[in-house]
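Examination of the molecular architecture
One letter stands for each residue in the lines below.
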Amino acid sequence: MASERPPSPAPNEPRPIKRLEESLVNRIAAGEIIHRPASALKELIENCLDAGSTQIKVTVKDGGLKLLQIADNGCGIRAEDLFYNTPTRLAALRSSSDEYARILDVVTKYAVHNPNVSFTCKKQGFSSPDVSTPSASSVQSNIKLLYGASIARELLHVTASSEVRKKRERLKGKGKARAEDEDPDWEAQAYATSANYQGKKMVLLLFINHRLVESTRIKRAIEAIYSPVLPKGSSPFIYLSLVISPQHIDVNVHPTKREVHFINEEQIVDDIANAIQEEVVKSGGQSRTFEYQTVLTGGGMVSVSGGVNRRESTKRKAGEVDEDGDQFMEDVDTPSGSRPGTPVSSLVQRPKKPLPQHKVRTSAADRTLDSMFAPSAPTPSTPHSTLAENEPSSSLSNKVKNRGAVGETIQESQTTLLSIKELRGDVAKKRHGGFAEIIEKHTFVGVVDLKLSLSLIQHSTKLYLVNHGSLAEEMFYQLALRQFGNFSRIKLEPPPPIRHLIKLAVDAEGDKVKESGMAPEEVTEEITKLIVERAELLDEYFSIKVNGKTEELESLPSLLKEYTPNLDRLPQFLMRLGPEVDWTDEKGCFETLLRELAYFHRPGPIESFINVENPDNEGDDKVAKWQVEHVLFPSMRKYLSPPKTLLEKDVVQVADLPDLYRIFERC
């Protein structure tokens, strides 16, 4: 991807400056994009650069309000009285000196970004220019010329690109094939000051596809990098050029088009920020200037200031004790001229504590939402069963026997079936890297609503509201696929009759069954017959054991040994094996049946098939919340490979700690 503008041939002879037509001037002045002279200049400079100009001269009168003339080694443009017919906008502009300062700022930034172009900017009637740069220069040289040697001396060169990240992911074995619109190609080059430079105000020169723009996300990311390493009130200098495919950029964010967004913005900004941070950290121990004092015998004090020079220093090891009993906390170089054995505390500032808005809770043992309420120990509970109409659940309570020890890692079963291998490959291809990191490194906050299956989790400084039911269902599908043909079993004692269970579910469907044109008895008979005929397949691959003679369900598969599904869902599960499973195609059959197993294991309440009062509903809710926090979310962290569809439908970012602090600071 090219980062330089393609040059165009210069004309044989300079052409005269053209005055813009009055109608065109009026349209420019009335347009949203041109709201002050500096905005008009920005557009005109970009036009000159796009045409391949190598020399641009800007002449200004009264801050551009009376005259704005741009001449290049092509043909120039001249505009006078740009806002004469829009008195309201003219009145909103500041003084001519302020507008001229804005013009100089634009010219200066474009001069840095285009070192092969000669820029000159001056006031009309003055011989000496306020900005003047040579052609065939470099970005670093122009920064030194225009912003000063103190900045240029501390510049760090940083590069980043999509290719670097992809290579890193491939080396880690995490590289996944993703569509171009999800992960576009890009490259970035930056010059950032080290921790030695401490400016009063941040200077950010941001160019995206060679256009001077703004980005709130990039600015915040840079602030986050430097806030721990610079004193309070100090800011860095940053020049950043990002080149990305134009079709991946949205320029219609701001009326003046000065701010843009682009696809996969968060990931790209994180990659660039990480690259800058890495260079800043690397440079911290090599060019940082320290101030220290040496107390002389006679009571005098000598102040010494200098950089750490590795050739004129004494290396002190971490843990070493000096003559006065002071212990060195880290390896340091003692600058020449200081007293041998000077403790670290007298040379280097102690690390600052992180600001509250940058603190990240990383311990799952910290207080959660549920701990703020009356504690309730999760007692073992057999799920209520509603298998017989108008009979209490205790008379038909099924004893659940789950084989295998709790806490074991679930291994992927071996299979020769191509359809299962393809389904496993589909899961890997659809994995969303950013979402996977959130799930793997999240901290559980609390259950918000059991009925709606909503919970809060935290990752880094962000708070997310997630549908834990949908996430758990996808996890159970992937667990079922992982264990295909090698499930542990949940043994049902006594085994319930499948015909009776299916009849309960069919009767509950009511009008939906009538729309099929079949009587409820016929639907029940067809589904029962289908399950009995497929009993061998269900038992061999899915551990769903049906006794063909007695038509009783003897066992179900155990997808997660710490988790027992709600057996109230069993009638619905058996009924759905008829219409929801594709029995005509091998891959389709396996996928749809595994999806039905996952839906059966999904947590959350369901509509009961019969009206049975449950006096211990509050106790059940406490057990369910405990199971969500201590079983489902830890298992998702371990096993879930989340697709992008879940991120789009079932995850909402509700807060970002730094943003909240900024809001509170305004109050």
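Everything here concerns the structure above.
The following refers to the structure shown. (Residues numbered from 1 in each chain as written. Predicted model: local features only at pLDDT ≥ 70, side-chain atom pairs only at ≥ 80, totals over all residues. Heavy atoms only, no water.)

Right, let's get into unusual backbone geometry. P494 follows E493 through a cis peptide bond whose omega is -5°. Relative to the helices and strands, P494 is located in the loop between β22 (488–493) and α13 (498–509). Positive phi, close to 70°, is recorded for H210, a residue that is not glycine. Looking at where H210 falls in the secondary structure, it is placed in the loop between β9 (203–208) and β10 (211–212). Phi is positive for S543, close to 60°, though the residue is something other than glycine. Here S543 shows up in the loop between α16 (535–542) and β23 (545–547). (Helix = DSSP H or I, 4+ residues; strand = E, 2+ residues; numbered from the N terminus.)

Attention now moves to the sheet that holds strand β21 (residues 462–467). A sheet is described by the order of its strands in space; here 4 strands give the open sequence β19-β20-β21-β25, paired in antiparallel fashion. If you trace the sheet from one side to the other, it starts and ends with β19 (443–449) and β25 (651–656), each paired once. Averaged over all neighbouring strand pairs, the angle between strand axes comes to 25°, with direction disregarded. The sheet contact formed by strand β20 (residues 454–459) and β21 spans 6 bridges and is antiparallel. By the bridge assignment, L454 is partnered in β21 with N467. (Pairing = 2+ DSSP bridges. Axes fitted to C-alpha atoms, helices over the stretch in contact; angles between N-to-C directions.)

Let us now look at the nonpolar core. F476 and L574 are the most contacted members of the largest nonpolar core, which totals 70 residues. Considering every element that reaches this core, the biggest residue donor is helix α12 (residues 468–482), with 8 residues. Counting residues in each nonpolar core, the second largest holds 39 residues, with A38, L41, Y100 and F237 among its members. (Core = buried A, V, L, I, M, F, W, Y, C linked by side-chain atoms within 4.5 Å. Buried < 20%, exposed > 50% of the residue type's maximum accessible area, 1.4 Å probe, protein only.)

What follows is about the packing of α13 against helix α15 (residues 520–533). Two elements in contact, α13 and α15, have axes whose closest approach is 9 Å; the angle formed by their N-to-C orientations is 135°. Judged by the inter-axis angle, α13 sits oblique to α15. You can see that α13 and α15 cross each other, and the crossing is right-handed. Listed contacts from α15 to I498, R499, I502, K503, V506 and D507 of α13 are P520, V523, T524, E525, I527, T528, I531 and V532. Class assignment for the residues of the contact of α13 with α15 results in 8 nonpolar, 2 polar and 4 charged. (Parallel < 35°, antiparallel > 145°, perpendicular 65-115°, else oblique. Left-handed = near helix turned anticlockwise from the far one by under 90°. Contact = heavy atoms within 4.5 Å. Nonpolar A, V, L, I, M, F, W, Y, C, P; charged D, E, K, R; others polar.)

As a further point, take the pairing of strand β2 (residues 55–61). For a regular strand, the rule is simple: side chains alternate between the two faces of the sheet. With 6 bridges connecting them, β2 and strand β5 (residues 118–123) associate as parallel partners. Considered in β5, the bridge of T59 is made with K122. Here β2 runs beside strand β3 (residues 67–72); their pairing, made up of 6 bridges, is antiparallel. Within β3, the position partnered with V60 by the bridge is L68. What sits between β2 and β3 in their antiparallel hairpin is a turn of 5 residues, with D62 showing a positive phi close to 55°.

This part covers the packing of α12 against helix α18 (residues 586–601). The description of two helices packed together rests on the angle between their axes and the distance between the axes. Where α12 contacts α18, the axes come no closer than 8 Å and their chain directions differ by 130°. Viewed along their axes, α12 and α18 adopt a mutual orientation that is oblique. Crossing angle aside, the handedness with which α12 passes α18 is right-handed. Of α18, the residues touching α12 (which contributes E473, E474, F476, Y477, A480 and L481) are E591, L594, R595, A598, Y599 and H601.

This structure, assessed with the given rule, holds 27 salt bridges. Salt-bridge contacts for E46 lead to R211; the nearest nitrogen and oxygen are separated by 3.4 Å. Note that E46 is positioned in helix α2 (residues 37–50) and R211 in strand β10, a separation of 165 residues in sequence. Here E46 falls in the buried class, since its relative accessible area comes to 4%. Relative accessible area serves as the criterion here: at 27%, R211 is assigned to the partly exposed category. With its nearest N and O atoms 2.7 Å apart, the salt bridge here joins D539 to R489. Separated by 50 residues along the polypeptide, D539 in helix α16 and R489 in strand β22 bring together distant segments of the chain. Owing to a relative accessible area of 24%, R489 belongs among the partly exposed residues under this scheme. If you follow the salt bridges from partner to partner, you end up with K42, E43, E46, D50 and R211 in one network. (Salt bridge = Lys/Arg side-chain N within 4 Å of Asp/Glu carboxyl O.)

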